[in-house]
Amino acid sequence: MLRVVVGLAWIALVPALAGAQSLTMAVGTPITSLDPHFHNQAPNNAMADVVFDSLVRTDERVRLIPGLAESWRPLEDGVWEFKLRPGVTFHNGQPFTADDVAFTLARVPQVLNSPGSFSGYTRPIQRVEVVDSLTVRMHMGGPYPMLPTDIANIRVLNRATHANATTEDFNAGRAAIGSGPYRLRAYRNGDRAEVERNDAWYGPRQPWQNVTIRFVASDPARTAALLAGDVDFIDQVPTGDLERLRRDPRVHLSEVVGLRIIFLALDRSRAGATPFVTDNDGRPITSNPLNDRRVREALSLSIDRGSITERVMEAAAVPSGQFLPEGAFGHVPGLAAPSANLVHARALLAEAGFPQGFRITLHGPNDRYVNDARIIQAIGQMWTRAGIRTTVEALPWAAYIPRASRQDFSVFLWGWGSVSGEASNPLRALTATFDPARGWGASNRGRFSHPEHDRLLAEGLRTLDDGRREALLQAATRVAMEEVGIIPLHIQKNAWAMRRGLTHVARVDEISRPQDIAPAR
């Protein structure tokens, strides 16, 4: 029935859908779990926002707004108090109380086998005090201005419902019970999720009674589904389709420069041979060349970022030499994207003992980031021209994640969307020394480590003055970039497409949610 109704609306080009009750979305990346504490990545977080809720939410510019907490304030150095929203219930009727907050914060670091843990957001909390059913205090052990920002990333669960729930219970649907704007109706791994409106939600009434979220990894298939009227809305619009869709009167586009940095991670976990770097005869190099800053810089200088953004990304990205775009808190003025310089790159390789270069395999996903497989192919050609003979291997995301998390690769493509919109988020996740006890480096898959970087970051995280904190985060960013802890490539522009008659609030954090889509008035 849904497909017939959507098809007729498409053919008739009806601009107003005030009576519409159903929405079908096609998103480019499948989620890896319905457990909101299992894997910190944008598609999972988008799905979590549909079913679950957090104390603090963010708007489309990732500014903090009230969620399950109506207000929050620091009481003294290291203590934050949150006043909770009364009358909230979970989808199964269980009441929401401060005890659920305490339970949730205790659960986050206990989730097993997480490929991208949320524990970095909860580690600074030393003690949770339940003052009464609607008041909770979090004791930090010292000044910590980032707590409300951190808490925005933690979706709240119910102790009575989830005390013994495993990640498998969430994925089976049994435990996927939140307090968000929609409740889960069905989930088929890798295929789709179906949700229905939660009429008891405290927020704005959602226009959609039923939403189907289809996972369609193929770029051409998503566009074709939209143009055929099989879906109403798609994300990750293929760059090659943007101009054509802009000219199509049946289609509306929603675009914004985002917060996702695309970069290369480099294996720093091994002092000895790294698995995909050999000499020119194919023999392993006994000492990992990637531990030499000159080699890392040579790899970076061999990349023509402007060519990638213009030709591969078709202007749907901006070259970058750091984590965040201009205007974001912690962006470093003057730290521009490195310009390609093959002469200097070859000189650095020769200085490091590789005048004839070496062989390397560059890995990346082929279904996660915009044009990901094409990006690594382009870089492979650039490196080969610089004397580093490069083989490129692209893998499906589902196979790629566990291997990258095990440090199986030598150099590999990754992306990171800074959900907080400020620099401490990527610094903690991507370049802080890997330290599960501290909650740092959860996505530092290359295992970069630098004591001065960590010192600056730690000081920034406990500095209340905004100007001073930003300066410290900028300094930590400079260390990471000067040491080539990662090789930044570009920041993506976010693009969505939908049929006429719909409006969409474009989010800089790139997540795609039904609550951001509405019938045009």
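Right, let's talk about unusual backbone geometry for a bit. Located in the positive-phi region is Asn113, a residue other than glycine, with phi close to 60°. Topologically, Asn113 is positioned in the loop between helix 3 (98-107) and helix 4 (119-122). Notably, Glu510 is not glycine yet its phi reads approximately 70°, a positive angle. For Glu510, a relative accessible area of 15% translates into the label buried.

Bringing the sheet that holds strand 6 (residues 127-132) into the picture now. Reading across from one edge, 4-5-7-6 is the order of the 4 strands in this open sheet, with antiparallel pairing throughout. Edge positions in the sheet fall to strand 4 (69-76) and strand 6, since each of these pairs with one other strand and no more. Strand-to-strand twist in this sheet, taken as the mean axis angle between neighbours without regard to direction, amounts to 20°. In this sheet, strand 7 (residues 135-139) lies alongside strand 5 (residues 79-84) in antiparallel orientation, the contact comprising 5 bridges. The residue of strand 7 that forms the bridge with Glu81 is Arg137. Each of strand 5, strand 6 and strand 7 touches helix 3; the most contacted strand, strand 6, lies at about 170° to it.

This part takes up helix 11 (residues 305-312). Looking only at helix 11, the buried set comprises Arg305, Ser307, Ile308, Thr309 and Val312. Lining the buried residues of helix 11 we find helix 10 (293-301), strand 14 (317-319), helix 13 (372-385) and strand 18 (486-499). The backbone nitrogen of Gly306 lies 3.3 Å from a side-chain oxygen of the residue at the head of helix 11, namely Asp304.

For the rest of this paragraph, the subject is the nonpolar core. If you look at the biggest cluster of nonpolar residues, it comprises 135 residues, and the most contacted ones within it are Leu55, Phe82, Met138, Leu264 and Trp383. Broken down by element, the residue count for this core peaks at 8 residues, all from strand 12 (residues 251-266). In contact with Leu55, not counting residues within four places along its chain, are Pro66, Gly67, Leu68, Ala69, Phe82, Leu84, Phe96, Val101, Met138, Ile151, Ile154 and Val156. Residues Ala225, Leu226, Ile234 and Ala497 belong to the second largest nonpolar core, which totals 14 residues.

Moving on, we come to the packing of aromatic side chains. The way to describe two aromatic rings as a pair is by their centre distance and the angle between their planes. Tallying each qualifying case throughout the model produces 13 aromatic pairs. Relative to Trp414, the ring of Phe412 lies with its centre 6.3 Å away and its plane at 90°, an arrangement referred to as edge-to-face. For the pair Phe412 and Trp414, a shared accessibility class is recorded, and that class is buried. Through a chain of ring-to-ring contacts, three or more aromatic side chains come together here, namely Tyr369, Trp397, Tyr400, Phe409, Phe412 and Trp414. Positioned above the aromatic ring of Trp397 is the side chain of Arg368, whose terminal nitrogen or guanidinium carbon lies 5.5 Å from the ring centre. The residue whose ring lies beneath Arg447 is Phe434, and the NZ or CZ to ring-centre distance is 3.6 Å.

In this structure, the largest pocket spans a volume of roughly 460 Å³. Along its surface, the largest pocket is lined by 23 residues, and Val62, Phe329, Ser420, Gly421 and Glu422 are the ones closest to its centre. Of all the secondary-structure elements, those providing two or more residues to the lining of the largest pocket are helix 5 (147-151), strand 12 and helix 17 (466-482). In terms of residues, the lining of the largest pocket owes the most to one element, strand 12, which gives 3 residues. Taken together, the residues that form the lining of the largest pocket break down as 11 nonpolar, 6 polar and 6 charged.

To continue, consider the pairing of strand 4. Where strand 4 and strand 5 come together, 6 bridges link them in antiparallel fashion. Bridge pairing links Arg73 to Glu81 in strand 5. Turn length for the strand 4-strand 5 hairpin, with the two strands adjacent in sequence and antiparallel, is 2 residues, and the turn residue Gly78 shows positive phi of about 90°.

One pass over the full model with this rule turns up 7 cavities of 30 Å³ or more. When its volume is computed, the largest cavity comes out at roughly 370 Å³. Considering the residues around the largest cavity, the lining is formed by 31 residues, among which Asp235, Gln236, Glu510, Ile511 and Ser512 are closest to the centre. Elements that contribute at least two residues to the lining of the largest cavity include exactly helix 2 (42-51), strand 10 (210-215) and strand 18. A breakdown of the residues in the lining of the largest cavity according to their chemical character gives 19 nonpolar, 6 polar and 6 charged. In this structure, the second largest cavity occupies an estimated 270 Å³ of space.

Cut-off values and rules
- Starting from 1, residues in each chain are numbered consecutively following that chain's sequence as written.
- Residues qualify for local features only when their pLDDT is at least 70, as the model is predicted, and side-chain atom pairs are given and counted only at 80 or more; totals for whole chains, interfaces and linings, by contrast, use all residues.
- Excluded from the side-chain calculations are hydrogens and water; all other atoms, namely the structure's heavy atoms, are used.
- Here a strand is any run of E in DSSP of at least two residues, a helix any run of H or I of at least four, and the numbering for each starts at the N terminus.
- A 1.4 Å probe rolled over the protein chains alone gives each residue an accessible area, and that area as a share of the maximum for its type sets the label: buried under 20%, exposed over 50%, partly exposed in between.
- By this definition, two strands are paired if DSSP reports at least two bridges between them.
- Here an axis means a line fitted to C-alpha atoms, over the contact stretch when the element is a helix, while the angle between two N-to-C directions is reported on a 0 to 180 degree scale.
- The contact definition used throughout considers only heavy atoms, calling two residues in contact when any of these lie within 4.5 Å.
- Identification of polar contacts relies on pairs of N or O atoms within 3.5 Å, with a donor-acceptor requirement for protein atoms, meaning one able to donate a hydrogen and the other able to accept it, and with residues adjacent in sequence counted only if both atoms are side-chain atoms.
- The definition of a nonpolar core used throughout is a set of buried Ala, Val, Leu, Ile, Met, Phe, Trp, Tyr and Cys residues joined through side-chain atoms within 4.5 Å.
- Only rings of Phe, Tyr and Trp enter the pairing, Trp through its six-membered ring, and a pair is recorded when the two centres are within 6.5 Å. The plane angle decides the type: under 30 degrees is stacked, over 60 is edge-to-face, the rest tilted.
- Our definition puts a charge over a ring when NZ of Lys or CZ of Arg is within 6 Å of the ring centre and also within 35 degrees of the ring normal.
- Lining residues are those with an atom within 4 Å of a point, where the points come from a 1 Å grid over the protein atoms alone and group into cavities, where a 1.4 Å probe fits but cannot get out, or pockets, open sets with protein on both sides within 12 Å along at least five of seven lines.
- Grid points are joined across faces, edges and corners, and a volume is the space filled by probe spheres set on the points.
- Each residue gets one of three labels, nonpolar for Ala, Val, Leu, Ile, Met, Phe, Trp, Tyr, Cys and Pro, charged for Asp, Glu, Lys and Arg, and polar for the others, Gly among them.

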